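Examination of the molecular architecture
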Amino acid sequence: MKTIEVDEELYRYIASHTQHIGESASDILRRMLKFSAGQEVQAKASVAPAEKTAVATNTPRDRVRAVRELMLSDEYAEQTKAVNRFMLILTTLYTLSPKEFAVATESLRGRTRTYFAGDQQTLLQNGIHTKPKHVPGTPYWVITNTNTGRKRSMIEHIMQLMQFPAELTDKVCGTL
């Protein structure tokens, strides 16, 4: 048996997929990779890191995995404020499908407020105290002075329109 070193984040991710007490990391990885003992390893053509990300998020299963990985990440766990977790979730959802994100946010409006816009000024026109923030890695700005319940409903709306499973949507909203 060979020994490999993995960073703490990867170890936690593997360990989070344990199905029973005493299951080894090798067993977990075999199950996750659908690789059985004695199976011949086939080399795949090398793909640039940016291409891997684009390919990995094309299927619904990979999109779900990406959101679950965010929930398990150190960066997410270290956030003490709901607004910071809110921003991380928005960035992730945009990254997974900019077009679906655009459609979902376009239809998301309050009675008197616009929640998302392409610039800060548009949000400030709908209220001086909206506290607009730029969503990192996106062309969007979002108002942030809403209560946590409203932030949850915004995330829920976006995830529903992006067709994420209801159980995952509930789990994400529950972390805000």
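Residues numbered from 1 in each chain as written. Predicted model: local features only at pLDDT ≥ 70, side-chain atom pairs only at ≥ 80, totals over all residues. Heavy atoms only, no water.

The name given to the protein chain in an unreviewed UniProt entry is Negative modulator of initiation of replication, and the organism recorded there is Rouxiella badensis. According to the UniProt record, the Subcellular location (unreviewed entry) comment for the protein chain reads "Cytoplasm". Quoted verbatim from the Sequence similarities (unreviewed entry) field of the UniProt record, the comment on the protein chain reads "Belongs to the SeqA family." (UniProt positions renumbered as here; feature names shortened; annotations may be inferred.)

Topic: the overall build of the protein chain
When you go through the protein chain residue by residue, the secondary structure sums to 10 helices and 3 strands. Listing the helices and strands of the protein chain from first to last along the sequence gives α-α-α-α-α-α-α-β-α-β-β-α-α. Per-residue burial over the protein chain gives 32% buried out of 176 residues. Carbon and sulfur atoms provide 53% of the accessible area of the protein chain, an area that totals close to 11,800 Å². (Helix = DSSP H or I, 4+ residues; strand = E, 2+ residues; numbered from the N terminus. Buried < 20%, exposed > 50% of the residue type's maximum accessible area, 1.4 Å probe, protein only. Areas by Shrake-Rupley, 256 points an atom, 1.4 Å probe, with all protein chains shown as cover.)

A word on the pattern of salt bridges
Tallying each qualifying case throughout the model produces 3 salt bridges. Across the pair R65 and D62 runs a salt bridge whose closest N-O atoms are separated by 3.4 Å. One end of the pair, R65, and the other, D62, are both in helix α4 (residues 60-72), 3 residues apart, so they sit about a helical turn from each other. The class for D62 is buried, based on a relative accessible area of 18%. Measuring nitrogen to oxygen at the nearest pair gives 2.4 Å for the salt bridge that ties E100 to R63. (Salt bridge = Lys/Arg side-chain N within 4 Å of Asp/Glu carboxyl O.)

Here's the deal with the sheet that holds strand β2 (residues 132-134)
One open sheet accounts for 3 strands, arranged β1-β3-β2; its pairing is antiparallel. The sheet is open, and its two borders are formed by β1 (116-117) and β2, each paired with just one other strand. As paired elements, β1 and strand β3 (residues 141-143) share 2 bridges and run antiparallel to each other. In the strand pairing of β3, F116 is matched with V142. (Pairing = 2+ DSSP bridges.)

What to know about the confidence of the model for the protein chain
It should be kept in mind that the predicted coordinates are not to be read in detail where pLDDT is low. The predicted model of the protein chain averages 81 in pLDDT, with 86% of residues at 70 or higher. Contacts for the low-pLDDT stretch residues 43-57, under 50 throughout, to residues beyond four places or in other chains number 6 contacts. (pLDDT = per-residue confidence, 0-100. Contact = heavy atoms within 4.5 Å.)

Topic: a negative patch on the surface
Residues D7, E8, E9 and E69 make up a contiguous surface patch of negative charge. In this structure, E9 sits in helix α1 (residues 8-15). (Patch = residues over 30% accessible without salt bridge, like charges linked within 9 Å, V, L, I, M, F, W, Y side chains within 5 Å. Lys, Arg positive; Asp, Glu negative; His and termini not counted. Charge placed at Lys NZ, Arg CZ, Asp CG, Glu CD.)

Topic: the packing of aromatic side chains
For any pair of aromatic rings, the description rests on two quantities: the centre-to-centre distance and the angle between the ring planes. Evaluation of the coordinates by the stated rule reveals 4 aromatic pairs. With centroids separated by 6.0 Å and ring planes inclined at 65 degrees, the aromatic side chains of Y94 and Y140 adopt a geometry described as edge-to-face. You can see Y94 sitting in helix α6 (residues 82-96) and its partner Y140 sitting in the loop between β2 and β3, a full 46 residues away along the chain. Per residue, the accessibility class of Y94 equals that of Y140, and both read buried. (Phe/Tyr/Trp six-rings, centres within 6.5 Å; stacked < 30°, edge-to-face > 60°.)

Considerations on helix α7 (residues 98-106)
Listed in full, the buried residues belonging to α7 are F101, A104 and T105. Along the axis of α7, the buried residues cluster in a sector spanning 90 degrees; they form a single face. In this structure, α7 carries K99, V103 and E106 as exposed residues pointing more than 90 degrees from its buried face. Lining the buried residues of α7 we find α6, β1 and α9 (148-161). (Arc of directions from axis to C-beta.)

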